[in-house]
Amino acid sequence: MSEVAKMNQKSGLSPNSSWLNKLPKFTLSNWAPLVALLILVVLSAMASDHFLIPRNLTNVLRQVSYTGIIALGMTFVIIAGGIDLSVGSMVALVGVLVIMLLNYLGDGWMAVTVSIVAATAMGAAFGAVNGLLTTKGKITAFVATLATMSIFRSLTLYISDAGEMVSQNNHYPDIGGGYWMGIPIPVWLFIGLAFLGHVVLRHTAFGRHVCAVGSNPKVATYSAINVQRVYFLTFVIVGFTVGLSAVMLSSRLNSVSPGDAGLFYELDAIAAVVIGGTSLSGGKGTLWGTVIGAIILGIINNMLNLIGVSPYLQGTVKGLVILIAVLMQFKRDR
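Definitions and limits used
Residues numbered from 1 in each chain as written. Predicted model: local features only at pLDDT ≥ 70, side-chain atom pairs only at ≥ 80, totals over all residues. Heavy atoms only, no water. Helix = DSSP H or I, 4+ residues; strand = E, 2+ residues; numbered from the N terminus. Buried < 20%, exposed > 50% of the residue type's maximum accessible area, 1.4 Å probe, protein only. Areas by Shrake-Rupley, 256 points an atom, 1.4 Å probe, with all protein chains shown as cover. Contact = heavy atoms within 4.5 Å. Patch = residues over 30% accessible without salt bridge, like charges linked within 9 Å, V, L, I, M, F, W, Y side chains within 5 Å. Salt bridge = Lys/Arg side-chain N within 4 Å of Asp/Glu carboxyl O.

## A few points about the overall build of the protein chain
Secondary structure summary: the protein chain contains 15 helices and 4 strands in total. Per-residue burial over the protein chain gives 48% buried out of 334 residues. Summed over its atoms, the accessible surface of the protein chain is roughly 16,300 Å², and 68% of this surface lies on carbon and sulfur atoms.

Shown next as structure tokens:
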């Protein structure tokens, strides 16, 4: 069997396989995130009578949607073999710039529309900077995005003079704080982007190229895949999702705190991707797994609050969950 065939088999993307063969096999490793979510829901319902209240569940979904949207873009980066540590600082920078633009344009829906388009464009541009540093600059993704994480946060504090930025547009809070059919708008956006990302990853040539680059860049190059272009575009995608998340977060609060906005979002986004089953070594993963991973993190945070666990210990629990997920991946890949 050729190297390309082996790579396609590893990614489950053989073009000649039937639709039945494309379904995930019913193994514990494939369905572990969903099984873990179901067990967690049952345990949470037993631990607290307030957990299954619709308002509580709606709040959990709303909270996970901000980092979940970023995690969807992060999934593409990690599958391609990279990582982006700058997304939290990028959320703060885009959020501050959007509110400054919104206040400059004034009131009305036209100003909101222009600001949302500008936010996605700015996010994609900042993602492109990371992509250029890693592809043209030949800097490893970890180091490049660690540097831009510091740069973005510093620029945010400088531009805002370290003060809270408040929107003066009366319609802006309706975006992040609004509902449709009883579900918060950020949740609809999260699910919609997950569906769109799934289609791109599993049913387009670009998605197959992302898996191929993450699985084995050298073989991907031999297969006439432009590795650097694919790698670059994954950073643009995560930047685009950061722009949308910044709009949802800043419109929900109608303000942005430069020092706190997006703090540790990179940790939550990467954790959601890993818990969802995406391999940290690249080559394989799913968007729906990331959705489940984000919801698992949200439920854990919610349960720790409901049962009165100190907020200072929540990071410990989250770190342990990430370690368990990575150890399970290591055991599965051996």
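## Here we look at the environment of His50
Note on placement: His50 falls in the loop between helix H3 (28-47) and helix H4 (54-79). A C-alpha to C-alpha distance of 7.8 Å links His50 and Leu306, two positions 256 residues apart in sequence. With residues near it in sequence (within four places) discarded, His50 still touches Asn56 and Leu306.

## Quick look at the side chain of Thr58
Here Thr58 lies in helix H4. Contact partners of Thr58, with chain neighbours within four places excluded, come to Tyr179, Gly182 and Pro184.

## Focus on helix H10 (residues 205-215)
The buried fraction of H10 is high, at 8 of 11 residues. For H10, the complete set of buried residues consists of Phe206, Gly207, Val210, Cys211, Ala212, Val213, Gly214 and Ser215.

## Comments concerning a nonpolar patch on the surface
Together, Trp31, Leu34, Val35, Leu38, Ile39, Val42, Leu43 and Met46 give the surface a local cluster of nonpolar side chains, amounting to about 740 Å² of exposed area. Of note, Met46 is situated in helix H3.

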